[in-house]
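Notes for the structure review
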Amino acid sequence: MIDNPRLELLLAKQGRAIAIALVVVGILAIGATGWAVANPETTTTPQFDEERVSTEGQTSAIVVQDGPLWSDGDELTDSSVYFLNTTPELTVEPETTLRNETGGAAIEDANVTHELTLRFDAVRDGAVFWNESHQLLRESPSVENGVATSETTLDIESYRQRQRQLQREVSGVGTVELTLELRVEYDTGRHQGTLTTTTPVAITEDAYWLEESLSDSASHSHRSGTIRTTESRSPALIGGLSVLGTLSLVAGAIVARRSPTDIEAARRAVHEQRYAEWISRGSIPMWIGDYHVSLDTLEDVVDVAIDTNERVVHDHQRGLFAVVSDGVVYYYSDRGLWEETAWPEMDLQDQSAVVDADGELPTGDVSELDGIDEFADADDPDGFEDDEEVWEQL
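A short tour of the structure in this document, coming up. Source: prediction; values computed, not measured. (Residues numbered from 1 in each chain as written. Predicted model: local features only at pLDDT ≥ 70, side-chain atom pairs only at ≥ 80, totals over all residues. Heavy atoms only, no water.)

1. Points about helix α5 (residues 298–308)
Among the residues of α5, L298, V301, V302, V304 and A305 are the ones counted as buried. The buried residues of α5 occupy one face: seen down the axis, they fall within an arc of 155°. Directly beyond the C-terminal end of α5, a positive phi value near 55° is found at N309. (Buried < 20%, exposed > 50% of the residue type's maximum accessible area, 1.4 Å probe, protein only. Helix = DSSP H or I, 4+ residues; strand = E, 2+ residues; numbered from the N terminus. Arc of directions from axis to C-beta.)

Written as structure tokens, this is what we have:
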């Protein structure tokens with residue numbers, strides 16, 4: 001039934017439990033397959049909107065007299081340099097843009113405040129030891145189409161004179177630097193913040209300029225919703241569960257049908273395989289040996305064979321394992337004692353008639369035994385000489 005005696009013994013001991021476990025696994029796997037098909041995988045992904053606030057200080061100046069470069073009334077915009085005699089006043093125009101980058105729409109309902117400051121710093125060895133600030137602008141313009149704009153004009157000549165005055169005061173100690181600072185406060189309804197940008201202002205005898213651009217920006221994100229995505233579960237997972245369930249149920253049925261019921265026979269088969277090198281098949285006559293010692297297990301018989309350097313003979317017809325040593329027969333049989341192994345096992349339940357031990361044989365039956373010499377007396381020369389002949393006759 002099963003080629004591996006150890007597996008046969010395991011199934012004989014635990015076959016029922018193994019079959020139940022396999023059936024349970026199969027049912028669970030089939031149930032999990034149905035659940036996986038009926039419940040697709042749902043993924044929830046948060047959705048975010050991004051708001052961006054950017055500001056820039058644009059500069060411009062009107063030409064006040066004709067010259068070789070420009071004519072009176074010309075307007076210079078975001079020039080890299082301005083001349084004092086032709087453009088003595090500089091207009092600074094802070095502009096702040098507010099947009100919802102995710103939706104690509106302008107933010108209308110927002111508050112913006114522009115603050116522009118000109119600062120004089122007295123510096124020595126890179127450290128400021130004195131400063132003076134002039135607030136040029138503080139305004140909260142209205143936001144139109146997502147843009148807030150302010151404007152102020154600076155008299156550059158007056159600030160040049162102030163810088164020279166301060167420079168004379170700190171002469172030999174440090175230098176006076178001029179800095180323009182733009183500060184923007186904003187509130188979009190979802191986010192609040194401040195942008196600050198500065199640039200040094202250089203003023204010479206003939207010209208002036210901003211050394212850096214007045215620009216800065218910031219981005220903010222906020223959760224605006226949730227995206228739910230539904231997808232069927234992995235075909236490999238569904239197929240694997242289905243195959244596992246089917247195989248488990250089939251294996252459970254096979255184990256339940258084919259599990260050996262005789263544990264002792266299965267254990268004996270394991271021992272036979274384990275001690276095969278010490279066991280030979282053969283026929284053991286009843287009259288062999290002067291003494292017969294019944295042992296409890298096949299291992300005991302093998303131990304005797306090892307100790308006596310003899311072999312174990314397996315008489316399959318008698319269901320007997322025996323070692324003969326010095327006239328003593330050491331044996332093991334699941335049929336019982338030595339004498340009980342002499343006759344093969346027979347099922348008498350199928351007999352059509354049962355004879356009562358205390359009854360009498362029918363006359364016809366007795367007459368049928370007349371003339372049969374198979375059970376002649378042992379002393380009769382015509383009878384059988386020994387038990388072996390009786391066994392062979394049977």
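Now that the structure has been shown, we can carry on.
2. Observations regarding the environment of E144
Relative to the assigned elements, E144 resides in the loop between β7 (127–139) and β8 (147–149). Between the C-alpha atom of E144 and that of E108, which follows or precedes it by 36 residues, the distance is 6.5 Å.

3. Focus: the packing of aromatic side chains
Centre-to-centre distance and the angle between the planes together describe a pair of aromatic rings. By the definition in use, this model includes four aromatic pairs. Arranged with centres 6.5 Å apart and planes meeting at 40°, the rings of F120 and Y159 form a pair that is tilted. One end of the pair, F120, is in strand β6 (residues 111–124); the other, Y159, is in helix α2 (residues 156–169), and 39 residues separate them in sequence. Look at F120 and you get buried, because its relative accessible area is 0%. (Phe/Tyr/Trp six-rings, centres within 6.5 Å; stacked < 30°, edge-to-face > 60°.)

4. A look at unusual backbone geometry
Positioned with a positive phi, D78 is a non-glycine residue whose angle comes to about 50°. In this fold, D78 is placed in the loop between β2 (75–77) and β3 (82–83).

5. Section: empty space enclosed by the protein
Applying the stated criterion across every chain, the model contains one cavity of 30 Å³ or more. The calculated volume of the largest cavity comes to roughly 60 Å³. For the largest cavity, the full set of lining residues is L90, V92, L118, L154, I156, Y159, L178, L180, V201, I203 and L210. Of all the elements in the fold, those that place two or more residues in the lining of the largest cavity are β4 (89–100), α2, β10 (175–187) and β11 (192–203). (1 Å grid on protein atoms, 1.4 Å probe; cavity = no way out; pocket = protein on both sides within 12 Å on 5 of 7 lines; lining within 4 Å. Points joined across faces, edges and corners; volume = space filled by probe spheres on them.)

6. Quick word on the environment of V37
With respect to the helices and strands, the residue V37 is situated in helix α1 (residues 5–38). Classification of V37 as exposed rests on a relative accessible area of 55%. Sequence separation of V37 and P235 is 198 residues, and the distance between their C-alpha atoms is 9.3 Å.

7. Considerations on the pattern of salt bridges
In the structure shown here, the tally under the stated rule is nine salt bridges. Note that R119 and E181 form a salt bridge whose closest N and O atoms lie 3.7 Å from each other. Taken together, the positions of R119 in strand β6 and E181 in strand β10 put the pair 62 residues apart, joining distant regions of the chain. Judged by its relative accessible area of 21%, R119 falls in the partly exposed class. For E205, the salt bridge goes to R164, with nearest N and O atoms at 1.4 Å. Here E205 is found in the loop between β11 and β12 (207–210), whereas its partner R164 is found in helix α2, with 41 residues between them in sequence. Via salt bridges that share partners, E157, R160, R164 and E205 belong to a single interconnected network. (Salt bridge = Lys/Arg side-chain N within 4 Å of Asp/Glu carboxyl O.)

8. A word on a nonpolar patch on the surface
Taken together, the side chains of V23, I27, I30 and L249 make up a nonpolar region of the molecular surface, amounting to roughly 300 Å² of accessible area. If one sorts the elements of the nonpolar patch by residue count, α1 sits on top with three residues. With respect to the helices and strands, the residue I27 is situated in helix α1. Looking at I27, the relative accessible area reads 53%, which means it is exposed. (Patch = residues over 30% accessible without salt bridge, like charges linked within 9 Å, V, L, I, M, F, W, Y side chains within 5 Å. Areas by Shrake-Rupley, 256 points an atom, 1.4 Å probe, with all protein chains shown as cover.)

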